[in-house]
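# Structural overview for review
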Amino acid sequence: MADRVYPSAKPAPAAANGGANPAFPATKAQLYSNARPAYRPQPRHRRRGRCCSCCLWTTVAILVVLLLAGVAGVIFYVIYRPQRPSFAVTSLKLSYLNLTSSSSSPQLDSKLDLTVTARNPNKKLVYTYDPIGISITSGDADIGDGVIPAFVHGKKNTTVLRAAITSSRRAIDASAASDLRANMKSKAGLPLKVRLDTKVKAKVGSLKTPRIGVRVSCDGIRVTPPTGKTAATASTSKAKCKVDVRVKIWKWTF
């Protein structure tokens, strides 16, 4: 009996075109797939390198700007030698000061006359002041407020500023009123502090700076409250005034 081999090893029938595989035209999808280049993701280290390079050049640019600003500031100082203006309380007279005896809601009435001398020591700088707000306090008690009109402070100039300080029916905190009564009876006199708040800009030739906040604080002033119609003159020989520049950045003032 003859052996049989499974599956049968019969040759496949030849194609009609001579045995070659039939050729079909490529579809549109195949053509598009062959034409489009394969996506190759960019290495991460290259993207990080570009980011670091951008940060480096930004830092260099900031440092260059700061360096130029510093150089300009040094040149400005060497040429113009700018100095801060100075202030001094030269006279303060208290005409009237009355504090009600009510312990629950004390009220204050006052009248004062203030004289302040402002000096501009600069030979080339002119200062232009906005209206100056004045506040006189004794401890935590606000004695009175006033305003000095805006003015221009010329080169090497001394200007005398005068203002009337008043208070009418001003509510005072009970604790502050108690301390104020004690100081009014003290032999050493009533201690007073004068505060001036304004904005100022400087001018050098055609160059003008932005307005900058300035606060002047003067303490070391004492006065004995008057007992009659004659105003009491305060002692200002030991008064010292400090000038502070106040720069506001967003919500904070420095």
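Residues numbered from 1 in each chain as written. Predicted model: local features only at pLDDT ≥ 70, side-chain atom pairs only at ≥ 80, totals over all residues. Heavy atoms only, no water.

As a reminder, the rule being used: UniProt positions are given in the numbering used here, feature names are shortened, and annotations may be inferred rather than shown by experiment.
Where an unreviewed UniProt entry is consulted, the protein chain appears under the name Late embryogenesis abundant protein, with the organism given as Trema orientale. Under the heading Subcellular location (unreviewed entry), UniProt records this for the protein chain: "Membrane".

### Observations concerning helix α3 (residues 174-184)
Note the following rule: Type-normalised accessible area, obtained with a 1.4 Å probe on protein chains alone, sets the label of each residue: buried when under 20%, exposed when over 50%, and partly exposed for intermediate values. In DSSP terms, a helix is any run of H or I states spanning at least four residues, a strand is any run of E spanning at least two, and both are numbered starting from the N terminus. Comment: arc refers to directions from the helix axis out to C-beta atoms. Here, residues are in contact when the closest pair of their heavy atoms is within 4.5 Å.
Turning to α3, its buried residues are Ala176, Ala177 and Leu180. When α3 is viewed along its axis, its buried side chains cluster within an angular range of 100° and face the same direction. Elements in contact with the buried residues of α3: β1 (86-99), β2 (107-120), β4 (132-138), β5 (141-148) and β8 (190-204).

### Looking at the confidence of the model for the protein chain
The condition is simple: A score from 0 to 100, pLDDT tells how confident the predictor is in each residue.
Of the residues in the protein chain, 72% reach a pLDDT of 70 or more, and the chain-wide mean stands at 80. At the level of individual helices and strands, the protein chain shows its lowest average pLDDT in strand β14 (residues 252-253), which scores 41, and its highest in β4, which scores 96. Of the regions scoring below 50 in pLDDT, residues 249-254 engages in eight contacts with residues more than four places distant in sequence or in other chains.

### Considering the packing of aromatic side chains
Each pair of aromatic rings is reported with the distance of its centres and the angle of its planes. Note the cut-off: Working definition: rings of Phe, Tyr and Trp (its six-membered ring) pair if their centres are within 6.5 Å, and the pair is stacked with planes under 30 degrees apart, edge-to-face with planes over 60 apart, and tilted otherwise.
Evaluation of the coordinates by the stated rule reveals three aromatic pairs. Ring geometry for phenylalanine 87 against tyrosine 129: centres 6.2 Å apart, planes inclined by 85°, an arrangement best described as edge-to-face. Of this pair, phenylalanine 87 sits in strand β1 while tyrosine 129 sits in strand β3 (residues 126-129), and the two are 42 residues apart along the sequence. Considered together, phenylalanine 87 and tyrosine 129 belong to a single accessibility category, that of buried residues. A ring pair is formed by tyrosine 129 and phenylalanine 151, whose centres lie 4.8 Å apart and whose planes are at 15°; its orientation type is stacked. Taken together, the residues tyrosine 129 in strand β3 and phenylalanine 151 in strand β6 (residues 151-153) connect sequence positions 22 residues apart.

### Thoughts on unusual backbone geometry
The phi torsion at lysine 156 lies on the positive side, around 45°, for a residue other than glycine. Phi at arginine 169 is positive, roughly 55°, even though this residue is not glycine. Here arginine 169 shows up in strand β7 (residues 157-171). Accessibility expressed as a relative area gives 55% for arginine 169, which makes it exposed.

### Side note on the pattern of salt bridges
The cut-off we apply is this: Any Lys or Arg side-chain nitrogen found within 4 Å of a carboxyl oxygen on Asp or Glu counts as a salt bridge.
Per the counting criterion, the structure on display carries five salt bridges. Between arginine 195 and aspartate 197 there is a salt bridge, with the nearest N and O atoms lying 3.1 Å from each other. Note on arginine 195: relative accessible area 33%, which makes it partly exposed. In this structure, aspartate 197 and arginine 215 form a salt bridge, with 2.7 Å as the shortest nitrogen-oxygen distance. Of this pair, aspartate 197 sits in strand β8 while arginine 215 sits in strand β10 (residues 212-223), placing them 18 residues apart in sequence. Each of Asp142, Asp145 and Arg170 takes part in one network of salt bridges that share partners.

### A look at the nonpolar core
Note the threshold: By convention a nonpolar core is built from buried Ala, Val, Leu, Ile, Met, Phe, Trp, Tyr and Cys residues, the set being connected through side-chain atoms within 4.5 Å.
Counting 43 residues, the largest nonpolar core has Ile134, Ile136, Leu192 and Val194 as the members making the most contacts within it. Ranked by the residues each element gives to this core, the list is headed by β8, at seven residues. When neighbours within four sequence positions are excluded, isoleucine 134 is seen to be in contact with Leu114, Gly144, Asp145, Gly146, Val147, Ile148, Ala163, Ile165, Val194, Arg195 and Leu196.

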